[in-house]
Amino acid sequence: MANPHAGEVALIVDGERRVLKLTLGALAELEAAMGADTLVALIERYEDGTFATRDVLALLLAGLRGGGWEGTPADLARADIGGGPIAAAQAAALLLARAFTLPEATHGGV
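Below: a short report on this structure. (Residues numbered from 1 in each chain as written. Predicted model: local features only at pLDDT ≥ 70, side-chain atom pairs only at ≥ 80, totals over all residues. Heavy atoms only, no water.)

Applying the stated rule across the entire model yields five salt bridges. Put simply, Arg54 and Asp55 hold a salt bridge, and the shortest N to O gap is 3.1 Å. Through salt bridges with shared partners, one network takes in Arg45, Arg54 and Asp55. (Salt bridge = Lys/Arg side-chain N within 4 Å of Asp/Glu carboxyl O.)

As structure tokens, this is what we get:
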């Protein structure tokens, strides 16, 4: 089960429930994949609703890797995502929110 307090998000990938998490290593991989772009720019695109499919794929790949998945970018590009593109974009947005929001900020200090 995904633990939102640990920054985890669940997503069905090729019929299998996966737990995604943006670990420090996953974030470093995400930064490398983004090249000259920054994580702040990525967050801003999500906040503005101007994110691209490549942003969704990069976030999901980093989250899957942080959750222990060993697939490749090509594997993810071919994968069947439960709930389709909308579920994929929502999972990516949740990953960002959970990685960069303090738990007490969203849960009244608990």
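Looking now at the packing of aromatic side chains. Following the criterion strictly, the structure yields one aromatic pair and no others. When the centroid spacing of 4.3 Å and the interplanar angle of 5° are considered together, the rings of Tyr46 and Phe51 count as stacked. (Phe/Tyr/Trp six-rings, centres within 6.5 Å; stacked < 30°, edge-to-face > 60°.)

Let's shift gears to the side chain of Asp55. Within the element layout of this structure, Asp55 appears in helix α3 (residues 53–66). At a separation of 2.9 Å, a polar atom in the side chain of Asp55 contacts the side chain of Arg45. (Helix = DSSP H or I, 4+ residues; strand = E, 2+ residues; numbered from the N terminus. Polar contact = N/O pair within 3.5 Å; in protein donor to acceptor, adjacent residues only side chain to side chain.)

To continue, consider unusual backbone geometry. Here Asp14, not a glycine, exhibits a phi torsion of approximately 50°, which is positive. Its place among the elements puts Asp14 in the loop between β1 (9–13) and β2 (16–20).

Before going further, it helps to spend a moment on the nonpolar core. Grouped together as the largest cluster of nonpolar side chains are 28 residues, with contacts concentrated most on Leu30, Leu42, Leu59, Leu60 and Leu76. Broken down by secondary-structure element, the contributors of at least two residues to this core are β1, α1 (24–34), α2 (39–48), α3 and α5 (84–99). Not counting the four nearest positions on each side in its chain, Leu60 is found in contact with Leu11, Leu20, Leu76, Ala88, Ala91 and Ala92. (Core = buried A, V, L, I, M, F, W, Y, C linked by side-chain atoms within 4.5 Å. Buried < 20%, exposed > 50% of the residue type's maximum accessible area, 1.4 Å probe, protein only. Contact = heavy atoms within 4.5 Å.)

Our next topic: the environment of Ile43. By secondary structure assignment, the location of Ile43 is in helix α2. Along the sequence, Ile43 and Leu11 sit 32 residues apart, while their C-alpha atoms lie 20 Å from each other. The residues contacting Ile43, other than those within four sequence positions of it, are Leu96 and Phe100.

A word on the pairing of β1. Only one face of β1 is covered, namely the one carrying Val9, Leu11 and Val13; the face carrying Ala10 and Ile12 has none of its residues buried. Alignment of β1 against β2, held across five bridges, turns out to be antiparallel. Looking across to β2, one finds that Leu11 is bridged to Arg18. Counting the residues between successive antiparallel strands, the hairpin from β1 to β2 contains two residues, one of them, Asp14, with a positive phi of roughly 50°. (Pairing = 2+ DSSP bridges.)

The subject of this paragraph is the environment of Ala52. Among the structural elements, Ala52 can be located in the loop between α2 and α3. For Ala52, a relative accessible area of 26% translates into the label partly exposed. Measuring from C-alpha to C-alpha, the distance between Ala52 and Leu94 comes to 16 Å, with 42 residues separating the pair along the chain.

Checked against the element boundaries, Glu8 lands in the segment before β1. This buried residue, Glu8, is left without a salt bridge; Lys21 holds the nearest opposite charge, at 4.6 Å. Reaching out from Glu8, the side chain makes a polar contact with the backbone nitrogen of Asn3 at a distance of 2.8 Å. The residues touching Glu8, leaving out its near neighbours within four places in the chain, are Met1, Ala2, Asn3, Val19, Leu20, Lys21 and Arg98. (Lys, Arg positive; Asp, Glu negative; His and termini not counted.)

So yeah, pure geometry; function would need other evidence.
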